[in-house]
Amino acid sequence: MSVIQLSYAAGIADADLDRLRAGDSVELTGRVLSLRDASAARLARTLEAGEPPPVSLESGILYAVGPSPAKPGQIIGSAGPTTTARMARFFPALFAAGVRGIIGKGELHGDEMSPFVAYRAVYFAAIGGLGALLAKQISSATVAGYDDLGPEALFALEIHTFPAVVIIDRHGGNFHEMAQARWRRTE
């Protein structure tokens, strides 16, 4: 299986997202913004109030992660994905503001999946439990907003060859549902 390399600077291109299919392995290189429960809620409230977010979300990718503090000599502490479904209620506002993708972990179905389809966003999954290894794919981490939230602040993270799998593509494909259907046929 080949790995699709996606590199972007100021935002991911629609053409790059259009070619992805559920189940594709990718390596992402570019800037992502971290997202956790508190920062997601605050961002959504800000956007719904018609106020500008602390950083542009246009054509951006958000990474559902609450990094642990960096030890001396580290850029960032452990930075593994967190469960995405908890933040799904905020996705419509984030996608309407220009977010094009979310990196996280866990399955999304039905109402949790529908904003991805409606806004043509992509859901990437990173492997949970690999926070220390994934942190090695991050070359810089700076607070971009909501620093009062500590590890749930918005961090601008520069990632390099960050491994993920496309779970929900822009065409409505859902890798988890496809894999489950395949498994049921082989029972």
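Attention here is on the structure that accompanies the text. The model shown is predicted, which means the values in this text are computed figures rather than measured ones. (Residues numbered from 1 in each chain as written. Predicted model: local features only at pLDDT ≥ 70, side-chain atom pairs only at ≥ 80, totals over all residues. Heavy atoms only, no water.)

Things to note about the overall build of the protein chain
Inference 1: On a plain count of helices and strands, the protein chain comes out with six helices and seven strands.
Inference 2: Order of helices (α) and strands (β) in the protein chain, N terminus to C terminus: β-α-β-α-β-α-β-α-β-α-β-β-α.
Inference 3: Compactness check: the protein chain gives a C-alpha radius of gyration of 16 Å against a globular reference of 16 Å for 187 residues, within 12% of the reference.
Inference 4: Taking the principal axes of its C-alpha atoms as reference, the protein chain extends roughly 50 × 40 × 30 Å.
Inference 5: Buried positions account for 47% of the 187 residues belonging to the protein chain.
Inference 6: Summed over all atoms, the accessible surface of the protein chain reaches about 8,600 Å², with 54% contributed by carbon and sulfur.
Inference 7: For the protein chain, the centre of its 17 positive side-chain charges and the centre of its 19 negative side-chain charges are spaced 4 Å apart. (Helix = DSSP H or I, 4+ residues; strand = E, 2+ residues; numbered from the N terminus. Rg over C-alpha atoms; globule rule 2.2 N^0.38 Å. Buried < 20%, exposed > 50% of the residue type's maximum accessible area, 1.4 Å probe, protein only. Areas by Shrake-Rupley, 256 points an atom, 1.4 Å probe, with all protein chains shown as cover. Lys, Arg positive; Asp, Glu negative; His and termini not counted. Charge placed at Lys NZ, Arg CZ, Asp CG, Glu CD.)

Comments concerning unusual backbone geometry
Inference 1: Phi is positive for S59, which is not a glycine, with a value near 60 degrees.
Inference 2: For S59, the location among the structural elements is in the loop between helix 2 (37-48) and strand 3 (61-64).

Structural notes on helix 2
Residue pairs spaced three or four apart in an α-helix point in one direction, given the helix's 3.6 residues per turn.
Inference 1: For helix 2, built from twelve residues, the straight-helix expectation of 16 Å at 1.5 Å per residue is met to within 8% by its first-to-last C-alpha distance of 16 Å.
Inference 2: Buried residues of helix 2: S39, A40, A41, L43, A44, T46 and L47, and no others.
Inference 3: Tucked inside the fold, the buried residues of helix 2 contact strand 2 (25-35), helix 3 (91-96) and strand 7 (154-168).
Inference 4: Two residues or fewer after helix 2 comes G50, characterised by a positive phi angle close to 80 degrees. (Expected span 1.5 Å × (residues − 1). Contact = heavy atoms within 4.5 Å.)

What about the packing of aromatic side chains?
The geometry of an aromatic ring pair is captured by the separation of the ring centres together with the interplanar angle, meaning the angle of the planes.
Inference 1: Considering all chains together, one arrives at six aromatic pairs under this definition.
Inference 2: Look at F91 and F116: their rings are 5.5 Å apart centre to centre, the planes differ by 80 degrees, and that puts the pair in the edge-to-face class. Of this pair, F91 sits in helix 3 while F116 sits in helix 4 (residues 110-119), and the two are 25 residues apart along the sequence. Like F91, the residue F116 is buried in the burial classification.
Inference 3: Relative to F116, the ring of F95 lies with its centre 5.0 Å away and its plane at 65 degrees, an arrangement referred to as edge-to-face. Here F95 is found in helix 3, whereas its partner F116 is found in helix 4, with 21 residues between them in sequence.
Inference 4: A relative accessible area of 0% means that F116 is categorised as buried.
Inference 5: Each member of the aromatic cluster is reached from another via a ring pair, and the members are F91, F95, F116, Y119 and Y123. (Phe/Tyr/Trp six-rings, centres within 6.5 Å; stacked < 30°, edge-to-face > 60°.)

It is worth stressing that arrangement in space is one thing and function is another; only the former is reported here.
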